[in-house]
Amino acid sequence: MAQNILQLKKVSKSFAGTVVVGDLNLKVKGGEVFGLLGPNGAGKTTTMRMIMNIIRPDQGEILYNDQPRHKIKNLHFGYLPEERGLYPRATVLEMLVYFGTLNNLSARRAEVEAIRYLDRLGMVEFTDAQINQLSKGMQQKIQFIVAFLHDPDVLILDEPFSGLDPINQIVLREILQEYKQKKKILIISTHQMEQAEQLCDHICLINQSKVILDGQLSRIKKNYRENAFFVESDDSLEFMQEISGISIIEQDNNSCKFTVAEQRLKIPVLFENIQKKAGIKRFEIVEPSLHDIFIRLVQAETEGGK
Amino acid sequence: MKNIFRIARWEFVTRFRSRSFLFNTFISPLLFISVITLPIFFFQYQPEVSTKLIGVIDLSGKNIEKDLQKALNHYYSPENRSREYVVMKVSVNSSGPYREMLSEYKEIKSRRDSIARLYEQIKAQRAAYYKNTKIANREYFLRTSYEKLQNTREEKELTDMELENFKTSLDSVYKFEALKMADSLLITNVLNAYLLFPHEFTKNGIVEYHSKNPGDLRETERFEKILQNIIIEKRMMDDHVEQAKVHKWLSPIYIKKYQLMPQGQKEWDFYAQFYGPLIGVFLLFMAIFTAGGYLFSSILLEKSNRVIEVLLSYANSIQIMGGKILGLGSLGLVQVLIWLLLTALFISSGIIPADKISYLTLSNALYFIIYFSLGFLFYGAIFISVGSLSSNEYDAQQINQLLRTVAVFPVLLSLIVLAEPNSLWIRILSYIPFLTPSFMIMRIPLSSQLITTDIYVTIAIMVISILFVIFVAGRIFRVATLMQGKKASWTEIWRWLKVG
Ligand SMILES: Nc1ncnc2c1ncn2[C@@H]1O[C@H](COP(=O)(O)OP(=O)(O)O)[C@@H](O)[C@H]1O
Ligand SMILES: [Mg+2]
């Protein structure tokens, strides 16, 4: 079986003259969890809506297995919108069946699938309950079922972690695992870097409508690892700002996180320099978090822009 | 394509079960119909507001007031109402001058009567003398009694003349005093009017009608009609026509009113003709606005609870709009059919007399359904646009209120159709898509001929306008449903329409 591929080529979208997504290129492979990262307003939701064909890009094309998106039936796609929405007055089962049939499932098949999922999520006794009588956590589960009841080939989850309780997080992980094994396309968006770090295989960082980082998570981490260090002391570390050849990521009075910018600067020399001025309690290589990488890249970008 | 039907089914089923549909289908039409038909019953069973007191001054001495009262009772007092008119003879007995003259008159009259008696006595006596030839002194008696007779006759003629003269002046005093009395009663509003019958009114046919406003044509026409009858009757009696014949000749005449209709003539019944189509128009708009309101709230709710995004990801905007229009339109049709069925049931069980809604023929029912569908599509598309543009529940409530108010206008305006269903103005107005359904529903049963051209023209206009509003609604729907919080400005809306 050939690998599933979802591609965005030079996709742009603007609203009322403001560019929300600009020349976005993405390539998502089946079987990997693809994380679309970025702060609020970066254009993640807009991108996902374009993938879902809810809105059309102004320019560029979206291809799934080399076919243009708007020619592919919606039933191959499953979507968890950022803003969750269910019919408050409907009962759980009838609503799930409705959404299932909208994706070409027969009513019977939709019912069977819905009950299967409800059972799996421990909610089978609520099949005839009204949605607005359910707790928030249960409504979340229902919302998830709506996204993948019809077993889509492409699953798109917009901010799936927001407001998610720990139990549902486990459920989500399980399902993502399943989709991964089936080699399906999986895209999640988040503005919480830590979550992405735990879940994603591939990451695309967007800021102000532009991609600033795109690649395998493991590779990115390796790329940014070598030169990052963390130092802690009982004394003030203010002076570190004057050391040349390093760039500081984060700093407070007694600790400092930095990278070595200049290749020629040797770590033992640096260590000694610091020790001369303050007693080192801890000195270690840091595995940079995505958060750090993001901050650094954004800083570099804004400085480069100056 | 299948999704249209799936969405339609969902919309239909979820609404059909709702309590508001039950209410809109059964309770509110009932409320409306009772509100609109109550005045009819009120009108029919209310007693007359007031009884009118009519004075009579009769100089003819024919006891005319009795006949007048009888005739008035006959024409203007249906069995379940109190008498509309009460006739009262204007009495002058209390007036001093008349009483004086009356006693004098009586004195003269009794004098004349005694002379007349005397005269008769003498005549009888003389007749006896003539027959009895054996009486002594017969010649003498005959001669002297002749003189006596001559004298008495002369005296009798004189007193007759005196009486005649006195009678004339008594009459004029009577008339004068009666008029004075009647006028004061008129001024103090005791009498609504009074009639003066002159001495010889049957001959010259002149009766005076006195009232504060003799311009009240309804009243004067009534009296004219009634007096005509009374006087003619009197004249016939004077010519010694048999009583039975008089009654036969004077038996009243009624005009039955008929209206020319394409399917033949039928009797014109004001209430049925008027209220029937009006109730029809109202129900039409209720159906349109119930279904349209559901369309509106459905979009608005999905927009505010964000189901719209899930929907949009599984079905495109055309399917969603189409499905909603189809589903809720069918719901409205079901409502209309329920009403038609109930009406048919009521007619067949005799609760509603069939002749009261004879305008509801099969073809009119068909037109009703056609104009419902057209009206629903037209207003529905507008509802969709407004629904997708409004951003919150509160807005929606207000807009819904506004739309409901606006909906009253076509209903009210359609009242003007009643006067002249096919005048130029009405025709022009019925070409305006907003008014077409209500106007046509009024015009079709009220027109004496089938207005085929207008039906075709209005349907064509409706179809074109529907295509246009649906096109606009589609564009607005696609863009506006994803917008949140802020309201769209007019320039923005204009841009969506151009760009799509
Ligand atoms: N339908 C829309 N109309 C106008 N502006 C929009 C619309 N959707 C999103 N935006 C704007 O586009 C920008 C990006 O939004 P979004 O894609 O939701 O970002 P993210 O999901 O990364 O937080 C925001 O500034 C938002 O206001
Ligand atoms: Mg977002």
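Residue positions are given per chain, counting from 1 as you read along its sequence in written order. Here chains are named by letter from A upward and ligands by number from 1 upward, in the order in which they appear as written. With pLDDT at 70 or above as the cut-off, local features in this predicted model cover only qualifying residues; side-chain atom pairs require 80 or more to be listed or tallied, and sums for whole chains, interfaces and linings still use all residues. Only hydrogens and water are set aside when side-chain values are computed; all heavy atoms of the structure are taken into account.

1. A short note on the overall build of chain B
Note the threshold: Secondary structure elements are taken from DSSP: a helix is a run of H or I of four residues or more, a strand is a run of E of two residues or more, and numbering for both begins at the N terminus. Working definition: with a 1.4 Å probe on protein chains only, accessible area under 20% of the residue-type maximum means buried, over 50% means exposed, and in between means partly exposed. Any two residues having at least one pair of non-hydrogen atoms within 4.5 Å are treated as being in contact. All accessible areas in this document rest on Shrake-Rupley with a 1.4 Å probe, and a residue is counted as covered only by the protein chains that are shown.
Broken down by element type, chain B carries 17 helices and 6 strands. The buried share of chain B, taken over its 500 residues, is 43%. Across chain B, every contact between residues at least 6 apart in sequence was considered, and the portion connecting residues at least 24 apart equals 76%. Total accessible area computed for chain B in this model is approximately 28000 Å², and 63% of it derives from carbon and sulfur atoms.

2. Here we look at the overall build of chain A
Looking only at helices and strands, one finds 9 helices and 14 strands in chain A. For chain A, with 306 residues in total, the buried portion stands at 52%. Of the contacts formed within chain A by residues at least 6 apart in sequence, a portion of 67% connects residues at least 24 apart.

3. Here's the deal with the sheet that holds strand β4 (residues 208–211) of chain B
Remark on secondary structure: sheet strands pair via backbone hydrogen bonds, oriented parallel or antiparallel. All names here are of chain B. This is how the line gets drawn: We treat two strands as partners when DSSP finds at least two bridges between them. Angles run from 0 to 180 degrees between N-to-C directions of axes, and those axes are lines fitted to C-alpha atoms, restricted for helices to the stretch in contact.
Read from one edge to the other, the open sheet built from 4 strands follows the order β2-β1-β3-β4, with strand pairing classed as mixed. Every interior strand has two partners, whereas the edge strands, β2 (85–89) and β4, have only one. The mean angle between the axes of side-by-side strands here comes to 25°, regardless of whether they run parallel or antiparallel. The sheet contact formed by strand β1 (residues 52–58) and strand β3 (residues 193–197) spans 5 bridges and is parallel. Across the sheet, the residue bridging to I54 is A193, located in β3. The sheet strands contacting helix α5 (residues 138–187) are β1, β2, β3 and β4, and the helix crosses β3 at an angle near 165°.

4. Topic: the nonpolar core
Going by this rule: Working definition of a nonpolar core: buried Ala, Val, Leu, Ile, Met, Phe, Trp, Tyr and Cys residues. They are joined through side-chain atoms within 4.5 Å.
By size, the foremost hydrophobic cluster in this structure holds 152 residues, and its most contacted members are L6(A), Y87(A), M95(A), L96(A), F99(A), I142(A) and I187(A). Sorting elements by how many residues they give to this core places helix α9 (residues 270–304) of chain B first, with 16 residues. Beyond its immediate sequence surroundings of up to four residues, I142(A) is in contact with L86(A), V92(A), M95(A), L96(A), L118(A), M123(A), I131(A) and L134(A). The next biggest cluster of nonpolar side chains, apart from the first, holds 20 residues, and it includes L59(B), V92(B), Y105(B) and Y194(B).

5. Re a positive patch on the surface
All names here are of chain A. Note the threshold: By definition, no residue in a patch forms a salt bridge, and every one has over 30% relative accessible area; like charges are joined within 9 Å, nonpolar side chains (Val, Leu, Ile, Met, Phe, Trp, Tyr) within 5 Å. Think of a salt bridge as a Lys or Arg side-chain nitrogen and an Asp or Glu carboxyl oxygen that are within 4 Å of each other. Charged-residue counts in this description rest on Lys and Arg as positive and Asp and Glu as negative, His and the chain ends being excluded. All charge positions are set by atom: Lys at NZ, Arg at CZ, Asp at CG, Glu at CD.
A surface patch of like charges, here positive, comprises K9, K27, K29, R219 and K222. Elements that contribute at least two residues to the positive patch include exactly β2 (18–29) and α7 (217–225). Along the polypeptide, K222 turns up in helix α7.

6. Considerations on the environment of K106(B)
Along the chain, K106(B) turns up in helix α4 (residues 96–131). Along the chain, K106(B) and L163(B) lie 57 residues apart, while their C-alpha atoms are 9.3 Å from each other.

7. A closer look at the packing of helix α11 (residues 317–348) of chain B against helix α16 (residues 452–480) of chain B
Residue and element names in this part refer to chain B. Rule in force here: Here roughly perpendicular refers to angles of 65 to 115 degrees, roughly parallel to angles under 35, roughly antiparallel to angles over 145, and oblique to all remaining angles. The hand of a helix crossing depends on one turn: near helix anticlockwise from the far one by less than a right angle means left-handed, and clockwise means right-handed. Ten residue types, Ala, Val, Leu, Ile, Met, Phe, Trp, Tyr, Cys and Pro, are classed as nonpolar, four, Asp, Glu, Lys and Arg, as charged, and the remainder, Gly among them, as polar.
Remark: α11 packs on α16, axes separated minimally by 10 Å, with the N-to-C direction vectors making an angle of 125°. By the angle between their directions, the pair α11 and α16 is classed as oblique. Like other packed secondary-structure pairs, α11 and α16 cross with a definite hand, here right-handed. Contacts between α11 and α16 involve S317, I320, M321 and I325 from the former and I470, A473, G474, F477 and R478 from the latter. Across the contact of α11 with α16, the residue classes tally to 6 nonpolar, 2 polar and 1 charged.

8. Focus: the environment of D160(B)
Residues and elements named next belong to chain B. The topology assignment puts D160 in helix α5. Residue class for D160 comes out partly exposed when judged on its relative accessible area of 25%. As a C-alpha pair, D160 and R111 span 49 residues in sequence and 9.8 Å in three-dimensional space.

9. Points about the site of ligand 1
Residues and elements named next belong to chain A. In plain terms, the rule: Nearness is defined per residue: one heavy atom within 4 Å of the molecule or strand is enough. Polar contacts here mean pairs of N or O atoms no more than 3.5 Å apart (in protein, one a potential hydrogen donor and the other a potential acceptor; neighbouring residues in sequence count only if both atoms are side-chain atoms).
Close contacts around ligand 1 come from F15, V20, P39, N40, G41, A42, G43, K44, T45 and T46, and that covers them all. G41 places a main-chain nitrogen or oxygen 2.7 Å from an oxygen atom of ligand 1. In isolation ligand 1 exposes 560 Å². Once the protein is present, 69% of that is buried. It is helix α1 (residues 44–51) that provides the largest number of residues to the shell around ligand 1, a total of 3 residues.

10. Thoughts on the coordination of the magnesium ion (ligand 2)
Residue and element names in this part refer to chain A. The criterion, for reference: Donor selection uses N, O and S atoms within 2.8 Å of the metal (3.2 Å for Na, K and Ca). Since no water is included, sites may look incomplete.
Distances from the magnesium ion (ligand 2) to its protein donors, T45 (OG1) and E82 (OE), fall within 1.9 to 2.3 Å. Of this pair, T45 sits in helix α1 while E82 is found in the loop between β6 (77–80) and α2 (92–102), placing the two residues 37 residues apart along the sequence. You can call T45 buried: its relative accessible area is 17%.

11. Section: unusual backbone geometry
Phi at D151(A) is positive, roughly 50°, even though this residue is not glycine. Here D151(A) shows up in the loop between α4 (136–148) and β7 (154–158). Even without a glycine there, the phi angle at R306(B) is positive, about 65°. In this structure, R306(B) sits in the loop between α9 and α10 (307–314).

12. A look at the side chain of D454(B)
Residue and element names in this part refer to chain B. Note that D454 resides in helix α16. Taking the relative accessible area as the measure of exposure, D454 reaches 3% and is therefore buried. There is a polar contact of 2.8 Å between the side chain of D454 and the side chain of Y431. If we ignore the near neighbours within four places in the chain, the residues touching D454 are R427, Y431, M440 and R443.

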